[in-house]
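# Per-entry structural report
In case you want the letters, here they are:
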Amino acid sequence: MLRHILIAALALIPPGMLASPAHAQAALPQQPASAPNQKAAPAPRRDISGTWDPGNGGIQPLGPRNMPEDGKPEHQLPYTPLGLETLNAHKPSNGVRSVLPGETNDPVVYCDPQGMPREDLYELRTTQIIQTPLKVFVLYEFGKIWRVVWTDGRDLPKEPEPRWFGYSIGKWEDDYTFVVETAGTDERTWVDRAGRPHSADLRVEEKFHRVDHDTLELTVTINDPKMYTKPWVALDKLPFKLQPPNFDVREMMCSPSEFAEYNKIIGNPASGQGNK
Amino acid sequence: MKDDKGNVVHWAAETSNPSDMVNLGWNKQSFKPGDEVTVTVEPVKNGLPIGRIEQVVLANGQILKARVVF
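The sections below set out a description of the structure shown in this document. Throughout this description, residue numbers start from 1 for each chain and increase along the sequence as written. The lettering of chains begins at A and the numbering of ligands begins at 1, in the order of writing. pLDDT decides what is reported in this predicted model: residues at 70 or higher carry local features, side-chain atom pairs at 80 or more are listed and counted, and totals for whole chains, interfaces and linings draw on all residues regardless. The basis for every side-chain value is the complete set of non-hydrogen atoms in the structure, without hydrogens or water.

Quick look at the packing of aromatic side chains now. Residue and element names in this part refer to chain A. Any two rings among Phe, Tyr and Trp, with Trp reduced to its six-membered ring, count as a pair given centres within 6.5 Å; such a pair is stacked if its planes are under 30 degrees apart, edge-to-face if over 60, and tilted if neither. Here the structure, examined in full by the defined rule, presents seven aromatic pairs over all chains. On the numbers, 5.6 Å between centres and 40° between planes, the contact of Y79 with Y228 is tilted. Placement of Y79 in the loop between β2 (50-53) and α1 (81-89) and of Y228 in the loop between β9 (215-223) and β10 (232-242) is noted, with a sequence separation of 149 residues between them. Taken individually, Y79 and Y228 each receive the classification buried, so the pair is uniform in this respect. Ring geometry for W172 and F178: centres 5.1 Å apart, planes at 55°, overall tilted. Each ring is checked for a lysine NZ or an arginine CZ that lies within 6 Å of its centre and within 35 degrees of its normal; such an atom marks a charge sitting over the ring. It is R154 that lies over the ring of W150; its NZ or CZ is 3.7 Å from the centre. By definition, any uninterrupted DSSP run of H or I lasting at least four residues is a helix, any uninterrupted run of E lasting at least two residues is a strand, and each is numbered from the N terminus. Exposed residues in this analysis have more than 50% of their type's maximum accessible area, buried residues have under 20%, and partly exposed residues fall in between, with area computed by a 1.4 Å probe over protein chains only.

Examined against the element boundaries, E14 of chain B turns out to sit in strand β1 (residues 12-14). The buried charged residue E14 of chain B lacks any salt bridge, with R52 of chain B as its nearest oppositely charged partner at 4.6 Å. His is not counted, nor are the chain ends, whereas Lys and Arg count as positive and Asp and Glu as negative. What makes a salt bridge here is a side-chain nitrogen of Lys or Arg within 4 Å of a carboxyl oxygen of Asp or Glu, nothing more.

Attention now goes to the state of the cysteines. Residues and elements named next belong to chain A. Our working definition of a disulfide is a cysteine sulfur pair at a distance within 2.5 Å. Per the stated rule, a full pass over the model turns up one disulfide over all chains. At a sulfur-sulfur separation of 2.0 Å, the disulfide partner of C111 is C254. Across the S-S bond of C111 and C254 the torsion is about -75°, and the bridge reads as left-handed. Linking C111 in the loop between α1 and α2 (118-121) with C254 in the loop between β10 and α3 (256-270), this pair joins segments that are 143 residues apart in sequence. Using a relative accessible area of 22% as the deciding quantity, one classes C111 as partly exposed. Judged by relative accessible area, C254 falls into the partly exposed class, the value being 24%.

A few words on the environment of R67 of chain B. Residues and elements named next belong to chain B. In this structure, R67 sits in the segment after β4 (63-65). By relative accessible area, which is 32% here, R67 ends up partly exposed. Linking R67 and E14, residues 53 residues apart in sequence, is a C-alpha distance of 11 Å. Working rule for contacts: check all heavy atoms of both residues, and any pair within 4.5 Å makes them a contact. The contact partners of R67, leaving out residues within four places of it in the chain, are L24, E42, R52, I53 and E54. As used in this structure description, the phrase polar contact means that two N or O atoms lie within 3.5 Å; if the pair is within protein, one of them must be able to donate a hydrogen and the other to accept it, and residues adjacent in sequence are counted only when both atoms belong to side chains. Reaching out from R67, the side chain makes a polar contact with the side chain of E42 at a distance of 2.5 Å. Reaching out from R67, the side chain makes a polar contact with the side chain of E54 at a distance of 2.9 Å.

Now the structure itself:
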């Protein structure tokens, strides 16, 4: 039930994170987006550089946009026994398995890095892509995180050391589709906000398809035989719109001190845990 | 706010993150201490004066929404 209150000296919580991401080619300049009432120009060849906005479709509070944890049978993932056991050990503070704010063990709530693929699957905001001759940089608004995708023809390492964001290589599937493979991700991260698990054997495929000059689509496929009996598509052609070159990307940071203050004022009292 | 008996009750209310709030028209000058505003909140279930803001109506009638539509 909603409640209307009239207050003097509004005690708002600072809106931080309290509510609780081919082969070598020459660098390409970022180009301006088309005017609003103008039909988009054709996609440039082998170019996904620019500042891209997925709109609210990238927020994904219940899990990936195409596979949210909402209790619907069509969104039930093909868990292995280990996958189900690991899922049940994860206590998200959103979705159908949501626990109270003070009881979650979501690592991102505690300001751990999202890692891959969660950087694509939760709070995916304005994203900048920079192409250089040997690698592609992806710069994310959430956490001010950047990733490197190697495009110098190397293979993924056979036994990669674990990293929060794994180890990524990219190739052009055709002139408008850039495919990134990622391995070696840290097992401590969750796949998404809903607590879907992954193992060190996880492989993530990201397919960036430039539809036209102003539109980029992202498809993300999860493949982890230890946790899932078959690959599943987390994002299916999530559209991004190209922003003007002078677009100023905001910052979106997780602050441990803000989180402590949030729990003291809101999270713990709301969870019946006192003001600690 | 004042409760039914006239006692002042302090509420704590949360919003979304800065990116969302700026998109919804909020800024650091939207409020200052002492402003009288009307706040609609979704309260927590245990009855404490805590909640999530749905919207704020400023003294001049301006409405600031606080919920993002996915």
